[in-house]
Amino acid sequence: MRGRTFCASDWGETMVRSVKGKSKSNTSKTLILAASVLAGTGGGSAEAALESYFQAGFNGCDATMLAAFWNKPFTEAKAEADRKIVQNGETGIRNVKVALRAARDAGSACTFFDTGLSFGDAETLAGFWGRSIDDAKTKVGMLFTAGRGAEVHAILRQ
């Protein structure tokens, strides 16, 4: 990860991605631990925050853009979005979406490394789009920045 500082938020995102293939009980423990790191809390409230954030359709790229827009560290921006969602439900989700739209309008962006996708995913997408791996990573960053990450995941599910 040249040019990036490894921090707890990176570790937490890695932990969330690494739960694929683990048993449900191990997955739950890992998600709670990752949520604690990301939200800066412990116990059930972090688990609820992680669930609400991702179930509302937000991802690491969104948190990266919110952090830049709100001028906060990644973990604080993620925790702020979590609080808005948990405390205000659908209104909180709408508020986070409005903030993301404003972040995009202000030029906030993310890269492939903020998406949670793997190098293997980049290879698959490069083949699908007929591009080099580096070009595919760039395109993924642009699609996630534009809020079109679901399109990328749909291609990967094919």
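Caption draft 1: Spatial organisation of the overall build of the chain. Of the regular secondary structure elements, the chain holds eight helices and zero strands. Along the chain, helices (α) and strands (β) appear in the sequence α-α-α-α-α-α-α-α when read from the amino end. Considering the chain as a whole, with its 158 residues, one finds that 41% of them fall into the buried category. Surface exposure of the chain reaches about 8600 Å², of which carbon and sulfur atoms provide 53%.

Caption draft 2: Up close: the side chain of Thr115. Considering the arrangement of structural elements, one finds Thr115 in the loop between α5 (74-105) and α6 (119-129). At 2.6 Å, the side chain of Thr115 forms a polar contact with the backbone oxygen of Phe112. At 3.2 Å, the side chain of Thr115 and the backbone nitrogen of Leu117 are in polar contact. With residues up to four places along the chain from it excluded, the contact list for Thr115 reads Val140 and Phe144.

Caption draft 3: Expanded view of the confidence of the model for the chain. Residues at a pLDDT of 70 or more form 68% of the chain, whose mean pLDDT is 77. When the criterion is pLDDT under 50, residues 1-44 qualifies, and its contacts beyond four places in sequence or with other chains add up to 50 contacts.

Caption draft 4: Layout of the pattern of salt bridges. Applying the stated criterion to the full structure yields five salt bridges. Between Arg83 and Glu80 there is a salt bridge, with its nearest N and O atoms 2.9 Å apart. One end of the pair, Arg83, and the other, Glu80, are both in helix α5, three residues apart, so they sit about a helical turn from each other. Residue classification places Arg83 among the partly exposed positions, given a relative accessible area of 39%.

Caption draft 5: Looking closely at the environment of Asp105. Mapped onto the secondary structure, Asp105 falls in helix α5. Among the residues examined, Asp105 registers a relative accessible area of 69% and is labelled exposed. Residues Asp105 and Phe69, spaced 36 residues apart in sequence, show a C-alpha to C-alpha distance of 9.9 Å.

Caption draft 6: Expanded view of the packing of helix α7 (residues 133-145) against helix α8 (residues 149-157). With their axes 7 Å apart at the nearest point, α7 and α8 run at an angle of 130° to one another. Considering their axes alone, α7 and α8 lie oblique with respect to each other. On α8, the residues touching Val140, Leu143 and Phe144 of α7 are Gly149, Glu151, Val152 and His153. When grouped by side-chain class, the residues that make up the contact of α7 with α8 number four nonpolar, two polar and one charged.

Caption draft 7: Broad picture of helix α4 (residues 60-70). Most of α4 sits out of view: eight of its eleven residues are buried. One side-chain oxygen at the N-terminal end of α4 lies 2.9 Å from the backbone nitrogen of Cys61; it belongs to Asn59. Phi turns positive, to about 55°, at Asn71, one or two residues after α4.

Caption draft 8: Seen up close, the nonpolar core. Grouped together as the largest cluster of nonpolar side chains are 30 residues, with contacts concentrated most on Phe58, Leu125 and Val140. At the level of secondary structure, the elements contributing two or more residues to this core comprise α4, α5, α6, α7 and α8. Per element, the largest residue contribution to this core is nine residues, and it comes from α5. If sequence neighbours within four positions are ignored, Val140 has contacts with Phe112, Thr115, Leu117, Leu125, Trp129 and Val152.

Rules of the game
Residues numbered from 1 in each chain as written. Predicted model: local features only at pLDDT ≥ 70, side-chain atom pairs only at ≥ 80, totals over all residues. Heavy atoms only, no water. Helix = DSSP H or I, 4+ residues; strand = E, 2+ residues; numbered from the N terminus. Buried < 20%, exposed > 50% of the residue type's maximum accessible area, 1.4 Å probe, protein only. Areas by Shrake-Rupley, 256 points an atom, 1.4 Å probe, with all protein chains shown as cover. Polar contact = N/O pair within 3.5 Å; in protein donor to acceptor, adjacent residues only side chain to side chain. Contact = heavy atoms within 4.5 Å. pLDDT = per-residue confidence, 0-100. Salt bridge = Lys/Arg side-chain N within 4 Å of Asp/Glu carboxyl O. Axes fitted to C-alpha atoms, helices over the stretch in contact; angles between N-to-C directions. Parallel < 35°, antiparallel > 145°, perpendicular 65-115°, else oblique. Nonpolar A, V, L, I, M, F, W, Y, C, P; charged D, E, K, R; others polar. Core = buried A, V, L, I, M, F, W, Y, C linked by side-chain atoms within 4.5 Å.

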